[in-house]
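If you want the building blocks of each chain, they are given just below.
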Amino acid sequence: MNIESFLIAKGKRVEQALEERVREWTDAPEPLLAAMRYSLFAGGKRLRPALALGACEIVSGNDEAALPAACALEMIHTYSLIHDDLPAMDNDDLRRGKPTLHKVCGEAMAILAGDGLLTMAFDVLAGVNNIRVIREVARAAGVSGMVGGQALDMMSEGKKISLGQLQRLHECKTGALIRVAVRSGAMSGGADAKQLDALTLYGEKLGLAFQITDDILDITGSEDDLGKTIGSDAANDKSTYPSLVGLDRARELADEAVKIGRRALDAFGSEADAFRALALFVVERRR
Ligand code: IPE
Ligand code: IPE
Ligand code: MG
Ligand code: MG
Ligand code: MG
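Here is what the cut-offs are and how they apply
Residues numbered from 1 in each chain as written. Chains lettered and ligands numbered in written order. Predicted model: local features only at pLDDT ≥ 70, side-chain atom pairs only at ≥ 80, totals over all residues. Heavy atoms only, no water. Helix = DSSP H or I, 4+ residues; strand = E, 2+ residues; numbered from the N terminus. Rg over C-alpha atoms; globule rule 2.2 N^0.38 Å. Buried < 20%, exposed > 50% of the residue type's maximum accessible area, 1.4 Å probe, protein only. Contact = heavy atoms within 4.5 Å. Areas by Shrake-Rupley, 256 points an atom, 1.4 Å probe, with all protein chains shown as cover. Lys, Arg positive; Asp, Glu negative; His and termini not counted. Charge placed at Lys NZ, Arg CZ, Asp CG, Glu CD. 1 Å grid on protein atoms, 1.4 Å probe; cavity = no way out; pocket = protein on both sides within 12 Å on 5 of 7 lines; lining within 4 Å. Points joined across faces, edges and corners; volume = space filled by probe spheres on them. Nonpolar A, V, L, I, M, F, W, Y, C, P; charged D, E, K, R; others polar. Near = heavy atom within 4 Å. Polar contact = N/O pair within 3.5 Å; in protein donor to acceptor, adjacent residues only side chain to side chain. Sits in = over half its atoms within 2 Å of the grid points. Expected span 1.5 Å × (residues − 1). Arc of directions from axis to C-beta.

Undergrad: If you had to explain the overall build of the chain to someone new, which residues and values would you point to?
TA: If you tally the helices and strands in the chain, you get 15 helices and two strands. For 287 residues, the compact-globule formula gives about 19 Å, and the C-alpha radius of gyration of the chain, at 18 Å, lands near that figure. Its C-alpha atoms give the chain principal-axis dimensions of about 50 × 45 × 30 Å. Here the chain holds 287 residues, and the buried ones make up 53% of them. Long-range contacts, defined here as pairs at least 24 residues apart, represent 73% of the contacts in the chain between residues at least 6 apart. Put simply, the chain shows about 12,600 Å² of open surface, and 51% of that area lies on carbon and sulfur atoms. A gap of 3 Å separates the mean positions of the 35 positive and 42 negative side-chain charges of the chain.

As structure tokens, then:
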């Protein structure tokens, strides 16, 4: 399974669906729409949509039912990046290889573009026929998930926290959306309890490994590959895996998480090969 072509295929599918949705917002002020489009269509790996679509395909043989969740998750993720880059948060100038949104259109419009993406994500998500999916996405994006994790992240700047606290922070700020991407896709495809449990464990471990790797790449990565500024975490005195346990141990912990995640896929046959490859991509990636 070539993971690059899997990501490109799923990315194209979600981008086309997102284009169709954005075109419906004809009454929105043009500068606001332009700001939302700037960040939403700036590229990005489209990992969360790929997970939602892929999980749906594993359990049902078809990814169609997961398209609303896939679009909604990418909108929520993009909003989280816009706000994460603001001067009051990480104060970053580069995102997805372009100047951050607030650098281009000012902080007020950047904040509002984020608000718009978050709110309209739930308009899009209302297209799923499973109310549990809507509730789970709200909770994963909300105060016990991504937003809560971002609060913990800000509260932990310049502090020494325990490894347990850091793991919880990462599971909230990044893990929750990745976990719910897998779950919402599986639920949209009609997964049974056993399938859902296996895929949930996969999503949890992948989410943790993804953020540990993000921390590592902030030190060892290249600005060209990542499309964001290297050294942002050190500049903000963030609590990260490398800052707490060192680069080598951070890599080991990411590998361990991926190993457990891949083992969870033993419940499936070759239909889960893309997810097996995706787990390796998460820790081996340069972008
Ligand atoms: C970056 O996410 C922020 C984190 C949660 C670590 P991605 O690395 O998925 O960013 P894009 O979507 O590819 O730009
Ligand atoms: C951000 O973590 C997680 C989000 C919820 C956006 P980071 O602050 O490390 O993400 P990057 O490195 O700026 O993409
Ligand atoms: Mg941050
Ligand atoms: Mg950041
Ligand atoms: Mg980072």
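Following the structure, the description resumes.
Undergrad: Kindly report on empty space enclosed by the protein, identifying the contributing residues and their values.
TA: Rolling a probe over the atoms, with the probe sized like a water molecule, indicates the empty space that remains. Scanning the model with the defined rule gives one cavity of 30 Å³ or more in all. Considering only enclosed or pocket space, the largest cavity measures out at about 120 Å³ in volume. Taken together, 15 residues line the largest cavity, and the ones lying closest to its centre are Ser39, Ile82, Asp85, Arg95 and Leu101. For the lining of the largest cavity, the elements supplying multiple residues, two or more each, are α2 (30-40), α4 (67-84), β2 (98-99) and α5 (101-105). Among the elements that make up the lining of the largest cavity, the one with the highest residue count is α4 (three residues). In the lining of the largest cavity, the residues fall into seven nonpolar, four polar and four charged.

Undergrad: Lay out the site of ligand 2 with the relevant residues and their values.
TA: Contacts to ligand 2 come from Ser80, Leu81, Asp84, Asp90, Arg95, Met146, Gln150, Lys173, Thr174, Gln211, Asp214 and Lys228. The contact in question runs from an oxygen atom of ligand 2 to an N or O atom on the side chain of Asp214, over 3.1 Å. Between an oxygen atom of ligand 2 and a side-chain N or O atom of Lys228, the distance comes to 2.5 Å. Coverage of ligand 2 by the protein amounts to 92% of the 390 Å² it exposes when considered alone. In this structure, ligand 2 is accommodated by the largest pocket. By residue number, the principal contributor to the shell around ligand 2 is α4, which donates three residues.

Undergrad: So what's going on with helix α6 (residues 107-125)? Residues and values would help.
TA: A rise of 1.5 Å per residue sets the reference length of α6, with its 19 residues, at 27 Å; its end C-alpha atoms lie 27 Å apart and thus fit the reference within 8%. Ala110, Ala113, Gly114, Gly116, Leu117, Ala121, Val124 and Leu125 are the residues of α6 that are buried. The arc that holds the buried residues of α6, viewed along the axis, is 160°, so those residues lie on one side. Opposite its buried face, α6 presents the exposed residues Ala108 and Thr119, each directed more than 90 degrees away.

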